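A look at the structure
The chain contents come next:
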Amino acid sequence: MCRPTNATAPLPRRSSRLLLTHDSFVFDDLPDKDDANKRKDANPHLHGLGGPSLLSTLLTVAFYVGVLFVVEHIAGLFISKYTHLDPILEVELNRHIIARHVVVDFLSLVCCAYVAVTNRDSCSEIIEHFKAWGKSDSMGDDQMEERVFRYRPGAQRLLTLFFVYQVKNMYDTIYYDEGIVFVLHHIFAGAAAWGGMFPGCCHFHALFYFRLSEISTAILCLLANFDPELGVVGLDKVFPKTKIVLGALFVASFVVCRMIMWPFWTYYTLRDVRRAIKSDSPRADGRRGYLWVILTSCVSLSLIQLVFVGMIVQTGKEELDKLMNA
């Protein structure tokens, strides 16, 4: 009897542990190729693309959500030490809002962006293609399955952290009664991140959508502190220049990330996903449903970008009018 090779070996059993470092997402026993889908007996909704176990992922999510609660509480206590600086800090709700937007939202997104940037080599092909104005051969159709079905440790780690952020955000949205729109947003965003892990696919593209494209969102989280409904009332009068600077940074980052990079990346994502759905690849089995979710989400979010552009223009005009009148 022939001894199984790395290319045909069944999926090994994963131990349950906390996933706190990049190395904890790296597995050297994954086959380089699995064209015949020798691991098809392993349910993708339980084993994903062969990365960490489902239990390890759940333990890690619970651990990091707990960390966010602790850090947020510590930040609130720190801010309470400086209530003498301005009367708005004497209001406990205001301190909670600032702690949430700065420590939980902003720092969480920065951590996710760091993971994405440090693992940019996992999607270097499309980055080089972008630099070459779409005239390179790095995004060939023959590599579609590698882009859609290949396990990438950095992307799995990013998806885990992003899901953690959505779980904490869901709690905050319900606690602060921010409305059904935000609840639905966190549900869809969280479902998209979870589907990238289980059943698992599109790790190549996840590095863009789950953080590089959200750099503008990180700045928006800081800007949210100045929102009269969701932020701290009167904060814009205490720090008017800070609001203007953050607003300018948000617009600039939105233009780069959402109006320039987003359409380029989405074109190749939609192309890969459509071909993966239509392909007869065994690795598409059990994943076509999630691929349809990605296809629909990309189209819908791309249309929403146009709405955001209109809102940014309208808000910009209002802020300019305030400055002119002042």
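The shown structure was predicted, so the numbers you read here are calculated from the model rather than taken from an experiment. (Residues numbered from 1 in each chain as written. Predicted model: local features only at pLDDT ≥ 70, side-chain atom pairs only at ≥ 80, totals over all residues. Heavy atoms only, no water.)

Turning our eyes to something else, we now look at the packing of helix α9 (residues 215–223) against helix α11 (residues 240–278). With their axes 8 Å apart at the nearest point, α9 and α11 run at an angle of 160° to one another. Viewed along their axes, α9 and α11 adopt a mutual orientation that is roughly antiparallel. The element α9 and its partner α11 pack so that their crossing is left-handed. Here α9 contributes I215, S216, T217, I219, L220, L222 and L223 to the contact with α11, which in turn contributes K243, L246, G247, L249, F250, S253, F254, C257 and R258. For the contact of α9 with α11, the class distribution of residues is 10 nonpolar, four polar and two charged. (Axes fitted to C-alpha atoms, helices over the stretch in contact; angles between N-to-C directions. Helix = DSSP H or I, 4+ residues; strand = E, 2+ residues; numbered from the N terminus. Parallel < 35°, antiparallel > 145°, perpendicular 65-115°, else oblique. Left-handed = near helix turned anticlockwise from the far one by under 90°. Contact = heavy atoms within 4.5 Å. Nonpolar A, V, L, I, M, F, W, Y, C, P; charged D, E, K, R; others polar.)

Omega for the bond connecting F198 with P199 falls within 30 degrees of zero, at 15°, which places this linkage in the cis form. Despite not being glycine, W133 shows a phi value in the positive range, around 55°. Classification of W133 by relative accessible area gives exposed; the value is 76%. Within the chain, C202 stands out as a residue other than glycine whose phi angle is a positive 60°. Relative to the elements of secondary structure, C202 occurs in the loop between α7 (180–200) and α8 (203–209). Under the relative-accessibility criterion, C202 is labelled buried at 5%. (Buried < 20%, exposed > 50% of the residue type's maximum accessible area, 1.4 Å probe, protein only.)

Time to look at the nonpolar core. If you look at the biggest cluster of nonpolar residues, it comprises 51 residues, and the most contacted ones within it are I126, V148, F210 and L291. Contacts of V148, omitting those with residues within four sequence positions, involve C201, C202, H203, D272, A276 and L291. Core analysis: the next-biggest nonpolar cluster, separate from the first, contains 18 residues, L222, L223, V232 and F250 among them. (Core = buried A, V, L, I, M, F, W, Y, C linked by side-chain atoms within 4.5 Å.)

Here A99 is to be found in helix α3 (residues 92–118). Classification of A99 as buried rests on a relative accessible area of 2%. Separated by 126 residues in the primary sequence, A99 and N225 have C-alpha atoms spaced 9.7 Å apart. If sequence neighbours within four positions are ignored, A99 has contacts with E72, A75, G76, I79 and V104.

Keep in mind these values describe shape, not function.
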